[in-house]
Amino acid sequence: MQRNTGLMMGCWMVGVSMLLTIALAWIGMAAAQPGPGRGGPCARPERLLTPEDRQFIGDRVMRRMQEKLGLTQEQVNEIRGVLESQRDAARGDRQKLCEARLEMGQLLGRQDADPAALKDATERVKALQGALLDRRVDTYLVLRSKLTPEQWEQWRALRHKMGHRFRGRGPVS
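Residues numbered from 1 in each chain as written. Predicted model: local features only at pLDDT ≥ 70, side-chain atom pairs only at ≥ 80, totals over all residues. Heavy atoms only, no water.

## Description of the nonpolar core
- With 11 residues, the main nonpolar core is built from Met62, Met65, Leu69, Leu71, Val76, Ile79, Val82, Leu143, Leu147, Trp152 and Trp155.
- Those residues within four positions of Trp155 in sequence are excluded, and the remaining contacts are Met65, Leu69 and Leu147. (Core = buried A, V, L, I, M, F, W, Y, C linked by side-chain atoms within 4.5 Å. Buried < 20%, exposed > 50% of the residue type's maximum accessible area, 1.4 Å probe, protein only. Contact = heavy atoms within 4.5 Å.)

Written as structure tokens, this is what we have:
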């Protein structure tokens, strides 16, 4: 009787382990599948913050900037509009840049890659990086034009003071 119980227990353990293995494999395959709305490595990941959270944080940052720099409500509205339009305009270029970088990386990884195709991908990456830099500089200049000389100096001082938080990202001016 005891021998029979041991055999049954062994069969039961094998059956449970097989079911557990199948369940874990199914969960793993489901997790590996891209979810709805995710379209590859350049797709934007799901956001932790809701649009309402982002709006709240943006409003709070603008209020603090208004207090510290002594901005008028008109200046706040203009700056907010500049930043929103810059962000919206840059979004498409960042997507294209990611795709061009991926293509360039794939070409670099292949020994039989056509050198002309690699040069073309490299030129697209450089052009898109340049476009994004130009957009940042243009935004910087527009923001500077919205501030008085005193506010501009306060802005630079605040940015310099915050610079220690962002080590490794380059100098902040």
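## Comments concerning the packing of helix 3 (residues 73–109) against helix 4 (residues 115–146)
- Look at helix 3 against helix 4: their axes get within 9 Å of each other, and the N-to-C directions meet at 170°. Our classification of the angle between helix 3 and helix 4 gives roughly antiparallel. Our pair here, helix 3 against helix 4, has a crossing hand that is left-handed. (Axes fitted to C-alpha atoms, helices over the stretch in contact; angles between N-to-C directions. Helix = DSSP H or I, 4+ residues; strand = E, 2+ residues; numbered from the N terminus. Parallel < 35°, antiparallel > 145°, perpendicular 65-115°, else oblique. Left-handed = near helix turned anticlockwise from the far one by under 90°.)

## Notes on the side chain of Asp93
- Within the secondary structure layout, Asp93 lies in helix 3.
- Judged by relative accessible area, Asp93 falls into the buried class, the value being 12%.

## Notes on the state of the cysteines
- Using the criterion set out here, one finds one disulfide in the structure.
- Sulfur-sulfur distance for the disulfide between Cys42 and Cys98 comes to 2.1 Å. Disulfide Cys42-Cys98: torsion about the S-S bond near -85°, hence left-handed. With a gap of 56 residues between them, Cys42 in the loop between helix 1 (2–32) and helix 2 (51–69) and Cys98 in helix 3 connect regions that are remote in the sequence.
- Given a relative accessible area of 11%, Cys42 falls into the buried group.
- With relative accessibility at 24%, the residue Cys98 sits in the partly exposed group. (Disulfide = S-S within 2.5 Å.)

## Quick look at the confidence of the model for the protein chain
- Across the protein chain, pLDDT averages 80, with 72% of residues at or above 70.
- Of all the helices and strands in the protein chain, helix 1 carries the lowest mean pLDDT, 58, while helix 4 carries the highest, 93.
- This stretch, residues 30–37, has a pLDDT under 50; its non-local contacts, to residues over four places away or in other chains, come to zero contacts. (pLDDT = per-residue confidence, 0-100.)

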